[in-house]
Each structure stands twice: as structure tokens, then as C-alpha cells.
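Spelled out, the chains give:
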Amino acid sequence: MMDLIIDIALNALYVLLAVAYGLLLLGIARKINARVHNRVGPPVYQNFIDVGKLLAKKTNIRHNWIFDLAPLFGLAGALLTLLYIPMGGYRLLSGDGDLILLLYIMVIPSLGMALGSGASANPNAGVGVMRALTLMLAYEMPFLLTLLSLMIFYNTTSLSVLLCKQQGFRWAIFVLPLSALAADMALQGMMMKKPFDIPIAPHEIGSGPMVEFGGKYLGMLMLFGAAFAVVETSLFVDLFLGGGVILNPSQYGIIAYMVNYFVWMLLVLVVWVIAVFINAVFPRFRIEQAFKFYWKWPTVIAALGLAQAYVMSVILGVVP
Amino acid sequence: MNAEDWKKIQRMMSKRSLWMVHFCTGCGAVEMPPVMTSRYDMERFGMGPMATPRQADILLITGYLAVKTLKRVVRVYEQMQDPKYVIAFGSCTMNGGMYWDSYNTVKRVDKYIPVDLYIAGCMPRPEAIMDAFLKLMKMIEEGKADGWKRYKEHYEEYRRNQMRVFRRWDE
Amino acid sequence: MDLQTLFGIFIVLPVLGAFLSYSLGKRASIVATAFSAVPLIFTYLRMGDWSQYTFTALGINMSFELNPLNWFFILMTSLTSFSALLFSISSVKERQNGFASLMLFAVAGANGVLLARDFLSLFVFWEIMSWSIFLLVMRASGESARIYMIFGAISAYFILFGIGIVYHYTGSFLYSAVGGVPAYAWKYLLPIFIVGFGVKMAMMPLHIWAPHAYSSEQSFVAYLSGGLSKLGAYGIFLTFYSFATVGVLAGFGTFRTVTIPGYALALVGAFTAFIGTMLAIFQDDLRKLLAYSSIAQLGYVLVGFGLGTPLAVGGALFHAFNHALFKAVLFLGSAAVIYRTGEYRISELGGIAYRMPFTFMAVLISIFALAGIPITSGFISKWMIYEAAISLKFVIVTPLMLIASVGAFLYSFRILYGVFLGQLHRRHEHIKELPPHMLAAMYILIVPMMVFAVAPGLIFDWINSILVYYGMNGLTYTTFSYQSSVGGANMLVFFVAFMAAFMVAMGLFMMKKARTVDQYDNYLGGEVRTDVELHAAHNFYKPLREVWEPLLKYSTERFYTRVARFFAGGFEEIKKVYTGNPQDYAAYAAMAFIVFFLIGWWLL
């Protein structure tokens, strides 16, 4: 019983830290963006203030009960997704759910948001969700191929097993560099960073799905965004960079967890910053351009990566 | 922690994170890009442009308002969530400015929506705008920027003034 | 249980009900619902009462059996038929007696097909079912019915052809005698049976009847898509694992432990899933969208049957079950929308959810199941098929399935947004929620989806008994969790975590109150237009369609139409022979005589 309580508390702590870290990442992105534009930029803790302000707004509007599903499903789904992602070698619930489950859990918050924004009856929201879904179909093609290459090469769909097999700097990025490249390209679209911020284009469609959300609704969606910044970068880190596990927890105990956590934070930051730098200098694609792009180059690269994994695993019989 | 402390925290947060929907009317909007970009950079104070009034805290009236535009401004203002603030730019919004004798221009904006802060000038320079933003932040902290409360209190009066100009609400 | 009970409950009773309800006239569906409820309850109670009967009638050995497999399929079909009939009490307005009695004939046919253990009764009941479908489709549109009939006839011919071949080798119609068919004959038999049963399942090149037939009366289509299309899956399962058996299939060679016919079937299934999904995305007709979605989802079932590992076959059976439930609910939802608004084009609808919240909830949950959101059991079956393909390291089948499931999000949102969300049109402002019995018809099907999502072990018990019955290894599972060789998941942990996360979100959400505004209080650049309809549902995926335009111009249906036109043109030419002049006919006769004479002379 005691173990269970400690386990739950630890999981909650990790999720809380991840959301906080996600807000910090958003702040860092704004700062970097400002510096690239030769501005001073807001303080890095700006997003904490923003969320606080939004949640403390005096009035809020809703359109109907389906509208409420957006923040509820959005935040709940985001927290749930965080629970299934190993962070710094701590596996949370990822032992009880594999990558396929994670892939489908990741859809829950976006689906909730799509429902809520659709219920606002604002045509901009509909167009925004249409773009988001089209973009999803676009980037999932290379991303699923890279996932498949990993799953075939490591012969597992479990993230925690994947981390074990990458221990000792046997990172997947060294073994399957092409897949990693394709996954990073897909990540840019997944995080809706420029040039793929088509669904939330503020100047074209009034920030798309978010058009009618304000106050606490927007605040909770911002928390969802923060959590997902961590989810997406952390997914890349867990898949290709060994999840930041550099010390073996069975050997070093609690110190290993702390060191690994910091390495994980650092790696997440690196992946995030790469995306932010690309974001800072690019204009926006149109949605059909984005679709053509994703089904062309990243898919070719991912297919090559898949071929490499297939040859190594099936024909050469490499067992990692 | 009592209610007053919470209020203080809330004010502190809302002053440090002012999101604006810049409803570009008239010529004042052209002064906004310098304020946003590297010369003055208002994002230092957590201010930034937002796409829709649902998300925004301040409404900038950047210049003269035609009667037709006023209706949209009122709608945008009513779609914003409390607490919300209005800054009116330039002399046109105070007394009509160079359009003082125009049949189609609103002479005093604060007859129709509560304005928290006016910036004088034709047009105000970015320095003046920055100064106004800082002033507004100070007012928020002191709880003086209470236009949204006034609008709620005197809603009938504001609506009466608006209807005098519009005649019809739905055109 | 003896043969009389089995035969009486599953076949005679629906037929009796059919005659009775036909004579009743207006309230026929109520009686029909009662008659369809009996087999359903009976099926559920008689789980585990496996028995087989053989008898001789008219000098032919016939056999019926209740075993785990057909029990499972009878459960699906009777569940969907019950809820479709319950729904039809109000939704079918004209000639309800004909509808109800034809539905019961289809039920009897389907039960007969499932219970049969000899080819002769299989074929007879298959035709009863097929003709009932034909007549039911005919109620809505003769054109659709004709297209259905052509494909139904192809299916029947192929099955008959296969039966003939089997009879030639074995001299018996019994399933148990199929083992006598020599291995080389399976080269012909397999494709023949797959085409024969695949038509009912709307397998890819043979799918084009589905969008037409599925556009008929929606409460019937809920049964057609949910229940009857599973008979194709049942037939293919029988062909592979009962008639042919793995040994014969492996005789054709194997590709990484999967038999070559199985691999081919999996490929066909994956392409069916992929192409069906891509076509569903662009449909504006709600019924056609669901039809293509149905085609795509059954593609997954084909993949599962093809891969042939216990996980894959179990997943396919589970997916067939899930599909029966969620697609029936979706078609009933579509029926509900048509019942209330009379409109089936997505771009003409919108905002129905604000007026029909319970219908929306039912449709939403089944869309969760369709898209594979883990809240419902739809996820688990998809998961099983994916994991089976991944653990076999298949790099063509798996990505096609995965990307098809991403595409499923696109068309599901098309339904959700286009029909149920967005702006409510003024002309639909007065519509009301469905009456309770229609809602009950939908929610009956929702309950198993939710139950099996939390405790998949319950349905794995059934599936496991099927797998064991057909000599395969069992699945690895407990009540709440399930494993494959490469991964696993625990649904109890998932649901507890989901509830916890939801509580946190709810707590944060409840802190502030919100004011409700109407749908016209929307930000449109400060404009409030109540006179313009601003529902962005027309040509929803326009950018995607533009990208895909070069591919979309290839269409199987157009190919068939071209073939048909070619033959029609040819027959047009032949028709010119009939000039109407008796002297010409006399000349033809003379010519024919000479030709026959010459040939006969040469032959002798």
C-alpha cells in the first residue's frame, strides 16, 4: 500500500514538473524568437504569468457543453500522455502501455480540442481543425515509418524496453540516423512550429481552433500546449537519444534518477531549441505545400531508414 | 492569504501579461510595428498581439472611428473577457481631431465604450505609446484601470449612447 | 439443446416472425423486434453449449452446429439486427411490414449461414440472405439494388463454383469432408472462395456495390454493415482455417512464417483499408462516407485473418465484433439525422448535436471506437492487429494500416464537425432529440464497447475459445491487460490514470464559472452576421483533395462502368442483327445450318 502511494506521488510529481518545464520551454522559445529578431524579449517565466492571468480572468464565455470538452479533454489527455512517457529513465506508466497506446493517447487532447472548437460554430475553427488534421495526415506518414523502423529494429513496441536497449550510449540516433532525421522533420509539424504553424495561423484564420477560447479555457489549453511541448520533444529523446539515461539506476540508485532527469531535461531542451531556431526564421507554408513536402522528402528519408532497419534486423539478424 | 492578496496577485499577473487585439482603425496602427519590433519591443513587458478578442485583454483604438467601425469596435469590446482595458490613440478619439466636423466620425470614444487611457498626439510617437502602456500597467496595479467595471455599471447609458449613433444594431 | 431447438430458434422463429409481421401492417417492427430478441437472448444464454447435428434429408447429408466461432458471429449479427429493428419502429415510415419481414428473412438467412456445417445449406441460406438484402436495397433505389445484385450474383456464382469443385473431389457437401480435396485444387479453390465471400465484405476491387447499397434505408444498413458484412469475414475465416487449414496454406510456401495466401490476403486487406479511408475522406454524402469507412475497417479484419498468428486472428475477430457495434451505431446515428432533418449531405447539416445531445454522445463514442481512441474497445482490436504485423516485421502492411487509421481521424471529424458541430442552420432549429427507444437501440450497442474497453479479458475468453477450437495457440491476457510478443497494455491502469487526469482538469475547470453565449456571438472580425450561414463544411478537405486530384481520377467504379459500357456497346452492335425482316432470319437460319453442317462433317 505504501509503495503504491509513493508511486502515485512520484508520478504526480513527474507530471507536475513536466508541465512546469513545458511552460519554461515555451518561455525559452519566446526569448529565442525575440533574440533572433534582435529584440529583448519577455522573461523566460512569462508563460507562467500568462497562464495565471488566463485562469484568473473574471469572466469566461462558453458556447455549450461540448465547448467545455476542449479544456477538459485537452488538459486531461495531456496529463495522461505525460504519464505514459518515460522521463529521465523513470518509466511512470510506460510499462503498462506501449508505443501504439501512446500514439493513440496523444490524439485524445487534440480530439477534445477539435470537438470544443467545432462546437463554437466559428468557421475559422472548422478551417483550423481541417488544416490540423491534414497536417497530421502529412507528418504522420514519415513519423509512423520511423516508429516502425525503431520497432522493427529493437523488436519491441514498449518505450521502457526501448530505453533499456539504448543504455550505455547505444542511442538509436547513431544506429538509425536517417530515421532520426525524418522524425525530427516530422516533429516540426507535430509541434506546429513554423513553417508548419498552418492550423493556428493567427493572421489568416484567427488562431484557428483557439479562436473562441479565452480566459480559463485558453489557460487550460495553454497548459496542454506546454505539456505537449514536453511530450513531443521527450518522445524524440526517448526514441532516439536513449531518454537521457546515462547512469544505470540499478547501480547508482536515486543519484542516477536525478542525473538522468537533468540529462533528459538538457536533451529535451536541445531538441526543442532546434525546432525553435527553425521556427524563428521561416515563413509559413500553405497546407497543401506542407502535405506535399511531408509525403515527399521526409517520407523518402524515413523509408530509407525503414529499409536500413529492415535489412539490419531481418536480413543481417542484428540484435541490439 | 486573504481576498485582497489574491486580488493583488491577480492584478500583478494581468499587468505583466497584457494581450492586445489591435483593432486597426485610422492611421495609428502604423505606429504599432515599431512598438512591437526590435526598436521598442513591447514583448519585454509580456505584451503581444492576439488574434481574437476572446483571448485579449486590451483593445487599442488606433485612430478615428467611423460610425460603421464603432459598431464593430463595440462588438469586439463586448466579446472580450473581464478584466479588459481600452487605450485610445490620437486626438481623433478624444474630440474628433481633424475630423471634428465630419458627419460620419465618432467624436468622443468614451461616450460609447469606457476608455482607460488616452494618448494625445496626431499621431502619438512610439515613445508615447510605450509610456502609455507603462502607465496602464501602473493603473492596473493600483486598481485604477476600471473601465470594464464602469461599462457594467453604466451599461444602459453606454448602450443608449451607442444606439443613438447606430439606429439599428443588426446592419 | 437438440437440433429442433437450434433450428427452431435461429431459423424457423425468424421466418415465422417474418410472415407474422408482414401480416401486421403498421406496427410490424415491434413484433419483428421481439422476434429478433429471442435468438439474441438465447445466444447469450447458450454460450458454451456446443453441439453438432448431422442428418440426412432428400438423400443428402446435412449438418448444423453451434460452436464458439458461429456463436460469436451470431451474437454480433443478432445484436445488430435487434437494435436495427428496434430503431426502425419509428424510423421506417412507409411499408414497414415489408421492411420488418425482409429483415427477419435476412436474420434467418444469416443464422442459417452461420450454423450450417454443409455447403448445401450454406448456399441456400446465403441466397435467402442475399435476396432479402436485394429487396431491402430495392426499397430505396432500383439502381443501387441492381449494382448490388450484380455483385451478389458474382459472389453466389463463385461460392457455387467452389462448392462444385469440392463436391467433385469429395462427393459430399459436409464441411468435415473438405479435407479430401487434394492440395493442388486449393490453388483454384482459395481465390474462388475468397472472391465469393470477399464480395460480402466489400474487399477492395469488389467493393463498389457497398457505397450504393449502403445509401438505402439507414436502419437496415446498420444491420447490413454491422451484421451481414461479417458473414464475409466468417466465410473467409472458414475458408482459411477450417476448410483449407494452415497446413494446406503453408503448402504454397511461407514468407517469414506467414503463408503466401495469407500474406496476399493481408496485402489486399491493407490496401483496402488505405484506399477505403482515403476515399471516405472526400465524401459529402454521410451514408457514402460511412460506407467507405466500413470498407476500410473490414480491410483490417482481412489483414488479421491473413497474418494468421493467434494475435492477428484474435484481433481480426475482435475488430469484426467492434465494427459490428460501432458501425451499426454510426449508421443508426445517420438514420437519426435523416429521420429528424431529412438531409444526408454533410455540407447541408451542422449543429445537430446541440439539439440531439444523446445521439451525439452515442455517435461520438462509436467514433472513438472507429478511430481507435483507447476509451473504447475499438483501440484494443486495432492494437492487436498492429502488434501482430509489427512483431512479424512487415513493412508494407503495417504502415498502410497505420496511416489508414490516421486517415480515419480525418473522416471521423468530418462527421463530427459537419453534421453535429459547427453552426446550427435556422431550418434545423426546431428539431428534437430522438424518442427513447431509438436512443436505447444505439446505447445497447455502446455498452459492450465500453465494458470490453475496461475489461477486455471478458471478450478475450470468447475469442480464445474460438482460437483453441480451431487449433491455434491462445492469447496472452488477464482480465484487464493484454500482451503481445513485443508489447502490452493494461486498460485498468489506463482508465484509472485517465480518471485521475480528468479529475485534475475538472478541478481546475470548476474554479471559475462561465457564461453561455449563443452561436452567433462569434468572433468574425467584429462582424455578427445572423443572416449568413457560416458552416465551413462544404468541400471540407479541399486542399487535400487538390493534392490528391491526380490519384483520385483513377476509380474502380469508373473502370467497371467502362467495362460495362464496352459490353453494352458490343451488344448494341449484335442487336442490329435483329432487323425485323423475316427474310433475313431465314437467311441466318440457312447460314447457321451450313456452318453446323460443315463443322459436323469436319468432325466426323
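Residues numbered from 1 in each chain as written. Chains lettered and ligands numbered in written order. Predicted model: local features only at pLDDT ≥ 70, side-chain atom pairs only at ≥ 80, totals over all residues.

Trainee: So what's going on with the overall build of chain B? Residues and values would help.
Mentor: A count of helices and strands for chain B gives seven helices and seven strands. Of the regular secondary structure in chain B, the N- to C-terminal order runs α-β-α-β-β-β-α-β-α-β-β-α-α-α. Across the 171 residues of chain B, 46% fall into the buried class. Residue pairs in contact within chain B that sit at least 24 positions apart in sequence constitute 80% of those at least 6 positions apart. (Helix = DSSP H or I, 4+ residues; strand = E, 2+ residues; numbered from the N terminus. Buried ≥ 20, exposed ≤ 12 C-beta atoms within 10 Å, placed from the backbone. Contact = placed C-beta atoms within 7 Å.)

Trainee: Requested: an account of the overall build of chain C, with residues and values cited.
Mentor: Of regular secondary structure, chain C possesses 21 helices and eight strands. Taken over the C-alpha atoms alone, chain C extends approximately 100 × 65 × 55 Å along its principal axes. For chain C, the residues scored as buried account for 55% of the 604 residues in total. Within chain C, residue pairs in contact and separated by at least 24 positions form 77% of the contacts whose partners lie at least 6 positions apart.

Trainee: I'd like a description of helix α20 (residues 556-575) of chain C, backed by residues and values.
Mentor: Over its 20 residues, α20(C) runs 28 Å from end to end, which matches the ideal 28 Å to within 8%, given 1.5 Å per residue. Burial analysis of α20(C) places just zero of its 20 residues in the buried class, a small minority of the element. (Expected span 1.5 Å × (residues − 1).)

Trainee: Account for the pairing of strand β1 (residues 51-57) of chain C, with residues named and values stated.
Mentor: Alignment of β1(C) against strand β2 (residues 60-66) of chain C, held across seven bridges, turns out to be antiparallel. Each residue of the ladder has a partner; that of Ser51(C), found in β2(C), is Leu66(C). (Pairing = 2+ DSSP bridges.)

Trainee: Before we move on, could you go through the packing of helix α13 (residues 357-371) of chain C against helix α16 (residues 436-454) of chain C and cite the residues and values that matter?
Mentor: All names here are of chain C. Where α13 meets α16, the closest approach of the two axes is 10 Å, and the angle between their N-to-C directions is 30 degrees. Between α13 and α16, the angle is such that the two are roughly parallel. For the element pair α13 and α16, the recorded crossing hand is left-handed. For the pair α13 and α16, the contacting residues are Phe358, Ala362, Ile365 and Ala369 in the first and Leu439, Met442, Tyr443, Ile446 and Met449 in the second. Here the contact of α13 with α16 is built from residues that sort into nine nonpolar, no polar and no charged. (Axes fitted to C-alpha atoms, helices over the stretch in contact; angles between N-to-C directions. Parallel < 35°, antiparallel > 145°, perpendicular 65-115°, else oblique. Left-handed = near helix turned anticlockwise from the far one by under 90°. Nonpolar A, V, L, I, M, F, W, Y, C, P; charged D, E, K, R; others polar.)

Trainee: Outline the sheet that holds strand β6 (residues 481-483) of chain C, supporting the account with residue identities and numerical values.
Mentor: All names here are of chain C. The three strands are arranged β5-β6-β7 in an open sheet whose pairing can be described as antiparallel. Edge positions in the sheet fall to β5 (476-477) and β7 (488-490), since each has one partner strand and no second. Pairing geometry for β5 and β6, over two bridges, is antiparallel. Residue tyrosine 477 lies in a different strand from β6, and its bridge partner there is tyrosine 482.

Trainee: Describe in detail the domain arrangement of chain C, supporting the description with residues and values.
Mentor: One can read the domain layout of chain C as domain 1 (1-155 + 201-227) and domain 2 (566-603). Put simply, the middle of domain 1 of chain C and the middle of domain 2 of chain C, counted by C-alpha atoms, are 46 Å apart. (Domains from an automatic or database assignment.)

Trainee: I'd love a proper account of the sheet that holds strand β5 (residues 85-89) of chain B, names of residues and values included.
Mentor: The strands making up a sheet are joined through hydrogen bonds of the backbone, oriented either antiparallel or parallel. Residue and element names in this part refer to chain B. An order of β2-β1-β3-β5-β7 is seen for the five strands of this open sheet, with the pairing classed as parallel. Lying at the two open borders of the sheet, with one neighbouring strand each, are β2 (48-49) and β7 (117-119). Relative to strand β3 (residues 58-61), strand β1 (residues 19-23) runs parallel, the two being bridged by four bridges. Pairing of valine 21 across the sheet is with leucine 59, part of β3.

Trainee: Tell me what's going on with the pairing of β3(B), and back it up with residues and numbers.
Mentor: All names here are of chain B. Taking every second residue as pointing to the same face, both faces of β3 are buried, with Ile58 and Leu60 on one and Leu59 and Ile61 on the other. Relative to β5, β3 runs parallel, the two sharing four bridges. What sits directly across from isoleucine 61, in β5, is alanine 88.

Trainee: If you had to explain unusual backbone geometry to someone new, which residues and values would you point to?
Mentor: Following Lys194(A), the chain continues into Pro195(A) via a peptide bond in cis, with omega recorded as 5 degrees. If you trace the backbone, Pro195(A) turns up in the loop between α9 (177-190) and α10 (202-205). The amide bond that connects Cys122(B) to the next residue, Met123(B), takes the cis arrangement and shows omega of -10 degrees. Secondary-structure assignment places Met123(B) in the loop between β7 and α5 (126-142). Unlike most non-glycine residues, Arg256(C) shows phi in positive territory, near 50 degrees.

Trainee: Any details on the interface of chain C and chain A? Residues and values, ideally.
Mentor: Listed as interface residues are 61 residues of chain C and, on the opposing side, 65 residues of chain A. Those elements that place two or more of their residues in the side of chain C that touches chain A are α14 (378-391), α15 (397-420), β7, α18 (491-510), β8 (515-516) and α19 (542-552) of chain C. One ladder, built from two bridges, connects strand β1 (residues 61-62) of chain A with β8(C); its direction is parallel. Looking across to β8(C), one finds that Arg62(A) is bridged to Thr516(C).

Trainee: Give me the lowdown on the nonpolar core, citing residues and values where you can.
Mentor: The tendency in soluble globular proteins is for nonpolar side chains to be buried side by side. One finds Ala227(A), Met103(C), Val329(C), Ala389(C) and Met401(C) to be the most contacted residues of the largest nonpolar core, which totals 402 residues. Considering every element that reaches this core, the biggest residue donor is helix α6 (residues 123-154) of chain A, with 22 residues. (Core = buried A, V, L, I, M, F, W, Y, C linked by C-beta atoms within 7 Å.)

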